[in-house]
Amino acid sequence: MLDAAPATSGLVCRNLSKSFGPVKVLRNINLELRPGSVLGLIGENGAGKSTFNNIIAGVLSPTEGQIWLDGAPYQPHSPSDALDRGVALIHQEIRLLPGLSVAENLFLGRQPVRAGRIDRAAMIEESAAVLAALGVRLDPRRPVRGLSMATQQSIEIAKALLRRPRYVIFDEPTASLGESDAALIFEQIDRLRARGTGIIYVSHRLDEIGHLADGIVCLRDGQKVADWPTVPVPKQELINAMVGRAFVFQHEAPAPHRAKVALSVRDLGRAGAFRGIGFDLHEGEILGLAGLVGARRTDVVRALAGADRADTGEVRLDGIPLALGTPRAAIDAGIVMVPEDRKGLGLNLDRSASANITLPWEAGLARGGLVRPHDVERMGRAQRSRFDIRGRMELAVGAMSGGNQQKVLLAKWLVRDPRVFIVDEPTRGVDVGAKMAIYQIIRDLAASGIAVIVVSSELEEVLGLSHRVLVMSEGRQTGILTRNEATPTRVMALAVGEPTRRDILQPTG
Ligand SMILES: Nc1ncnc2c1ncn2[C@@H]1O[C@H](COP(=O)(O)OP(=O)(O)OP(=O)(O)O)[C@@H](O)[C@H]1O
Ligand SMILES: [Mg+2]
């Protein structure tokens, strides 16, 4: 039975529910989004935020409930149907084709045609206009390859805006951006709001939500558990609503490390990427790698893990020189790296969580050349309880929420204890509770004597976790600070490359 249509403009959901088979993922969600406002949507991993967004954007259909759009019933059958009705979803993952130009990416699959031919001039003109409206200075004819993540994310936004949506959903748009790049996205959202666009904004960074949202809704286990029509809301109140109990988010200092040097790095460099990297990492020490997006932190850890070659320098593990540029040598020496891009490099989303975890260890599990499903499940179950993974280990990892995928990724590389553990952006897209769990995992590894390197774009995270922080700026090591020295101001000063500040402040692009 249909309820009476709401007279007001905006996006209105009534009793929205969604089940996957027997599993109820959303229950009776009631929610309203006004034009020209930003609704912050928060909740733990697996709370149902993306499922909700996917329903609004026509990716999924609800099992029950109704939606109205500006007073008219709204039941999108597909994302393009939703776009036709004025609703766009901007995904967290960037899906641009690097070889094509900015304009070609913007118009992919729907190029303007004139007299039977693609109207390039119109395409470039419209691209320039939509980019300008977002405040992005960029030649639409240049290829996407080589553009920063923040710029690529802006292009994704521009792509959605070409269809002139009245409602835009952002599902963790800043997850792959550093703090300063995220500011660019906030500006764009402010512009959209000022033009009357209604926005749903999902993020695990509660400071962002506090900064952007006009109202906040919290989901937990598929239900709306709190609704704040006005801001500000104390951060602790948001956390408590997400977690469902009083929960204090605070960093514990790591246990003191040992005196013995595990990894020593001298003058490590790779042409065109980074140079002059040098440090000693002790047993049980956590070294944070801080810097802005583009500082080349990932390139440095990839070289340490043998994923990329290095042109100069030396790496010693327990005093023994390490053959550089081969992952095998690094793994044999006990250096393990968890990559930052869990969907691209880290996990096979179509395979089960257990199969993902056992993949690197299959040789050891095999008996008579065969890996028995029973052993895969056993190893999966063991890691599930050690890492408190929520979700069914025998189902495809792709159906797990983002935070649980991240835990599966860590679990995969920690079946055996490594000598040196490197982790790149360990809590991207992870909720507060899971974050604390991951920090505890990292602190415990260090306390057991493992040397740890953590790359993170979240300043609070690097500062909270590390014994020392190595700061990089544009491929150079600009300083190493102890835990006491590493204030946000000092780290940021080094991250923008203090000595050559002028270079950094020029617009790039
Ligand atoms: N296709 C599917 N089949 C079965 N279960 C699914 C499917 N898609 C999602 N789920 C389940 O629905 C629940 C909600 O997932 P959803 O992705 O909406 O969470 P989320 O709030 O976006 O989490 P995150 O913050 O980690 O992104 C999870 O338990 C997830 O495992
Ligand atoms: Mg999600």
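Residues numbered from 1 in each chain as written. Chains lettered and ligands numbered in written order. Predicted model: local features only at pLDDT ≥ 70, side-chain atom pairs only at ≥ 80, totals over all residues. Heavy atoms only, no water.

Structural notes on the sheet that holds strand S3 (residues 38-43)
Piece 1. Strand order in the open sheet made by the 6 strands is S6-S9-S10-S3-S11-S12, with mixed pairing throughout. The strands lining the two open edges of the sheet, one partner per strand, are strand S6 (87-90) and strand S12 (223-228). Here the average twist between neighbouring strands, direction ignored, is 20°.
Piece 2. Of the pairings in the sheet, the one linking strand S9 (residues 167-171) to strand S10 (residues 198-202) comprises 5 bridges and is parallel in character. Following the sheet pairing, Asp-171 is matched in S10 by Val-202.
Piece 3. Across the sheet, helix H1 (residues 49-56) is in contact with S3, S6, S9, S10 and strand S11 (215-220); its angle to S3 comes to roughly 140°.
Piece 4. Strand contacts of helix H5 (residues 149-161): S6 and S9, with the helix running at about 165° to S6, the strand carrying the most contacts. (Pairing = 2+ DSSP bridges. Helix = DSSP H or I, 4+ residues; strand = E, 2+ residues; numbered from the N terminus. Axes fitted to C-alpha atoms, helices over the stretch in contact; angles between N-to-C directions. Contact = heavy atoms within 4.5 Å.)

Thoughts on the packing of helix H4 (residues 120-134) against H5
Piece 1. Between H4 and H5, the shortest axis-to-axis distance is 10 Å and the interhelical angle comes to 115°. In this structure, the crossing between H4 and H5 has a hand that is right-handed. On H5, the residues touching Val-130, Leu-131 and Leu-134 of H4 are Ser-154, Ile-157, Ala-158 and Leu-161.
Piece 2. Looking at the contact of H4 with H5, its residues break down into 6 nonpolar, 1 polar and no charged. (Left-handed = near helix turned anticlockwise from the far one by under 90°. Nonpolar A, V, L, I, M, F, W, Y, C, P; charged D, E, K, R; others polar.)

Digging into the packing of aromatic side chains
Piece 1. With the rule as written, the count across this model stands at 1 aromatic pair.
Piece 2. Ring geometry for Phe-170 against Tyr-201: centres 6.4 Å apart, planes inclined by 45°, an arrangement best described as tilted. One end of the pair, Phe-170, is in strand S9; the other, Tyr-201, is in strand S10, with 31 residues separating them in the sequence.
Piece 3. A relative accessible area of 0% means that Phe-170 is categorised as buried. (Phe/Tyr/Trp six-rings, centres within 6.5 Å; stacked < 30°, edge-to-face > 60°. Buried < 20%, exposed > 50% of the residue type's maximum accessible area, 1.4 Å probe, protein only.)

Description of the side chain of Lys-435
Piece 1. Note that Lys-435 resides in helix H16 (residues 432-447).
Piece 2. For Lys-435, a relative accessible area of 7% corresponds to the buried category.
Piece 3. Setting aside its immediate chain neighbours within four residues, Lys-435 contacts Phe-249, Thr-427, Val-430, Glu-458 and Glu-461.

Structural notes on the domain arrangement of the chain
Piece 1. By the assigned domains, the chain splits into domain 1 (11-96 + 144-243), domain 2 (249-334 + 418-509) and domain 3 (349-415).
Piece 2. Here domain 1 and domain 3 have C-alpha centroids that lie 31 Å from each other. (Domains from an automatic or database assignment.)

Comments concerning unusual backbone geometry
Piece 1. Look at the link from Val-231 to Pro-232: it is a cis peptide, with omega at 0°.
Piece 2. Assignment of secondary structure puts Pro-232 in the loop between S12 and helix H8 (235-243).
Piece 3. Look at Asn-15: it is not a glycine, yet its phi comes out positive at around 50°.
Piece 4. Take Asn-15: it is sitting in strand S1 (residues 11-20).
Piece 5. Assessed through its relative accessible area of 34%, Asn-15 is described here as partly exposed.
Piece 6. Located in the positive-phi region is Asp-318, a residue other than glycine, with phi close to 50°.
Piece 7. Examined against the element boundaries, Asp-318 turns out to sit in the loop between strand S16 (312-317) and strand S17 (320-321).
Piece 8. Residue Asp-318 is classed as partly exposed on the basis of its relative accessible area of 33%.

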